[in-house]
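Listed below are the residues making up each chain.
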Amino acid sequence: MAKTAIAYKEKMKEISVLSLICSCLYPETRKNIMGDFEDLDIKTINKRASGQAFEVILKPSSPVSDAAHCVTRPPKREVSLEDIQKKLEAAEDRRRSQEAQVLQALAEKREHERDVLLKAMEENSNFSRMAEEKLQIKMEQNEENRMAYLAAIMERLQERERHAQEVRKNKELRDEVTA
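Residues numbered from 1 in each chain as written. Predicted model: local features only at pLDDT ≥ 70, side-chain atom pairs only at ≥ 80, totals over all residues. Heavy atoms only, no water.

Engineer: Help me out: how do you make sense of the overall build of the protein in this one?
Structural biologist: Check the secondary structure of the protein and you find four helices and two strands. Each helix and strand of the protein, placed in order from N terminus to C terminus, yields the pattern α-α-β-β-α-α. Within the protein, buried positions represent 4% of all 179 residues. (Helix = DSSP H or I, 4+ residues; strand = E, 2+ residues; numbered from the N terminus. Buried < 20%, exposed > 50% of the residue type's maximum accessible area, 1.4 Å probe, protein only.)

So, in structure tokens, the structure goes:
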């Protein structure tokens, strides 16, 4: 009964798809298309403007059709100890190969991390060296500016001292002339 219900559902799907295709391609009805199924008898009930109605009659299953659906397993092959050993060795080889691949991937990852770390250390060293050089240049420039500023102050001080001596000398001369 279950086989009949499943077959019925499958045939209904086929019929609906077949009906749709036929109605699209061939608007006129074809009676020979409706009777092509082996275990189904399909009869048109009535024709309407909105569509068609069908009556699906399942034929009883025959012993020949049951034998066609029954599939036998191939005979099971004898498994020998040698075959088992070969399969175990192959599995061990696959395990070793996979382990080697994992170890290789880890080694590559560590190598990459080491390269990145070395590059970062080198860039840090270069940055430190450049910062130190810039600081040294800035300090030298500040020292030169300071020395130039001090020299200018000393020059002005000496100029004032000369001017003060000249004023004193002029004052003494004026005092001598008036005295």
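Engineer: Got a minute to help me understand the pattern of salt bridges in this structure?
Structural biologist: Two side chains of opposite charge can pair, provided their charged atoms sit close to one another. What the rule picks out here adds up to eight salt bridges. A salt bridge links Arg95 to Glu92; its shortest N-O distance comes to 2.3 Å. Of this pair, Arg95 and Glu92 both sit in helix H4 (residues 81-178), separated by three residues, roughly a single helical turn. Between Arg96 and Asp93 there is a salt bridge, with the nearest N and O atoms lying 3.6 Å from each other. Of this pair, Arg96 and Asp93 both sit in helix H4, separated by three residues, roughly a single helical turn. The exposure class of Asp93 is partly exposed, given its relative accessible area of 46%. Ionic contacts of the salt-bridge type, sharing partners, join the residues Glu92, Asp93, Arg95, Arg96 and Glu99 into one network. (Salt bridge = Lys/Arg side-chain N within 4 Å of Asp/Glu carboxyl O.)

Engineer: Explain the environment of Leu58 here, please?
Structural biologist: Take Leu58: it is sitting in strand E2 (residues 52-58). On the basis of relative accessibility, which here comes to 31%, the residue Leu58 falls in the partly exposed class. For the pair Leu58 and Tyr8, spaced 50 residues apart in sequence, the C-alpha to C-alpha distance is 7.4 Å.

Engineer: How should the confidence of the model for the protein be read in this particular structure?
Structural biologist: Scored by pLDDT, the protein comes out at a mean of 82, with 74% of its residues at no less than 70. The element-level mean pLDDT for the protein is lowest in helix H2 (residues 31-34), coming to 49, with H4 highest at 95. Here residues 30-35 is modelled with pLDDT under 50, and outside its nearest four sequence neighbours on either side it reaches four contacts, counting other chains as well. (pLDDT = per-residue confidence, 0-100. Contact = heavy atoms within 4.5 Å.)

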